[in-house]
Amino acid sequence: WVNLRRSFFLYYGGSKMKKTIFNTKLTKDNEALRDYIIREINKYCNMPKSKLLDIGCGNGRFGKLLHNYVKSYYGTDPDKKYIEIAKKDAKTIKNIKYKLGKAEKIPFKETFDIIIYSFSWHFIKNYHEALKELDRVSTKDGLIVILEPSLLPRGYKDQRLNADSKEFDKRLWNKKLKQLKNAKSVIENQKRFKILEFESKRINLWVLKK
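Residues numbered from 1 in each chain as written. Predicted model: local features only at pLDDT ≥ 70, side-chain atom pairs only at ≥ 80, totals over all residues. Heavy atoms only, no water.

## Focus: the sheet that holds strand β6 (residues 112-118)
Then step 1. Reading across from one edge, β5-β4-β3-β6-β7-β9-β8 is the order of the seven strands in this open sheet, with mixed pairing throughout. Both outer strands of the open sheet, β5 (96-100) and β8 (194-200), are each paired with one neighbouring strand and no more. Here the average twist between neighbouring strands, direction ignored, is 15 degrees.
Then step 2. In terms of strand pairing, strand β4 (residues 72-77) meets β5 through five bridges, oriented parallel. Pairing of G75 across the sheet is with Y98, part of β5.
Then step 3. Most of the contacts of helix α3 (residues 80-89) go to β5, to which it runs at about 160 degrees, and overall it touches β4 and β5. (Pairing = 2+ DSSP bridges. Helix = DSSP H or I, 4+ residues; strand = E, 2+ residues; numbered from the N terminus. Axes fitted to C-alpha atoms, helices over the stretch in contact; angles between N-to-C directions. Contact = heavy atoms within 4.5 Å.)

## Concerning the nonpolar core
Then step 1. Ranked by size, the top nonpolar core spans 28 residues in total, and within it I37, I41, F62, Y73, Y98, I116 and L147 carry the most contacts.
Then step 2. Those elements that provide at least two residues to this core are α1 (28-42), α2 (61-66), α3, β5, β6, β7 (138-148) and β9 (204-209).
Then step 3. Here this core gets five residues from one element, more than from any other, and that element is α1.
Then step 4. Dropping the residues within four chain positions of it, L147 is found in contact with I37, F62, I116, Y117, S118, F119, S120, I203, N204 and L205.
Then step 5. In terms of nonpolar packing, the next biggest core, distinct from the first, is built from 24 residues, Y74, I106, W121 and L134 among them. (Core = buried A, V, L, I, M, F, W, Y, C linked by side-chain atoms within 4.5 Å. Buried < 20%, exposed > 50% of the residue type's maximum accessible area, 1.4 Å probe, protein only.)

## A look at the state of the cysteines
Then step 1. Counted under the stated rule, the structure contains zero disulfides.
Then step 2. Just so you know, C45 is unpaired, no disulfide at all, and the nearest cysteine sulfur is the one on C57, 20 Å from it.
Then step 3. When its relative accessible area of 6% is taken as the criterion, C57 is described as buried. (Disulfide = S-S within 2.5 Å.)

## Observations regarding the pattern of salt bridges
Close approach of charged atoms allows side chains of opposite charge to pair.
Then step 1. Under the criterion given, the structure shown has eleven salt bridges.
Then step 2. Measuring nitrogen to oxygen at the nearest pair gives 2.7 Å for the salt bridge that ties R136 to E133. With R136 and E133 both in helix α4 (residues 127-137) and three residues apart, the pair spans about one turn of that helix.
Then step 3. Residue classification places E133 among the buried residues on the basis of a relative accessible area of 12%.
Then step 4. Linked through salt bridges whose partners overlap, the residues forming this network are E31, R34 and D35. (Salt bridge = Lys/Arg side-chain N within 4 Å of Asp/Glu carboxyl O.)

Here it is in structure tokens:
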């Protein structure tokens, strides 16, 4: 599932930044990931009647995969280019809405029955503010699903994070691992939401409830 992406390069002032673009088409892997998420969510709520918010939506992969299974899908990401791509890709889909924003300052006044962090939780800079915002935008019995990468150095698109690659960068991996462990610790130690489930297979998945 980590490998469902391709990359392109953006140039800012002569410097090259690598940006990951997720495949939004219904590939075999995307279908498996979609069905896995739907099974988990349907254990706890009725998806067709739910408003879903995707925090860290990137270029809109989950919007394309999940919009047919919910009442409405909202996505936000701090990267302007990602939001532009997501909007363009979903311009004919009526129940999808995207806005530029971040976990610490969610750009929607609505409340949501389901909130997903699609491999974006460990990128949050201020968890205190992010948790306050999560509390604000989740309904009384709101469900929160947090998807995170594995804590093992494998399966990453960036070969510098794969231990079996010649490009493996141990310093970079240790930085990433520290980030992931800190993100995991925040989930496990926060008091605002009850953890209903944790599962670790190809990815790490937490299900929480307000």
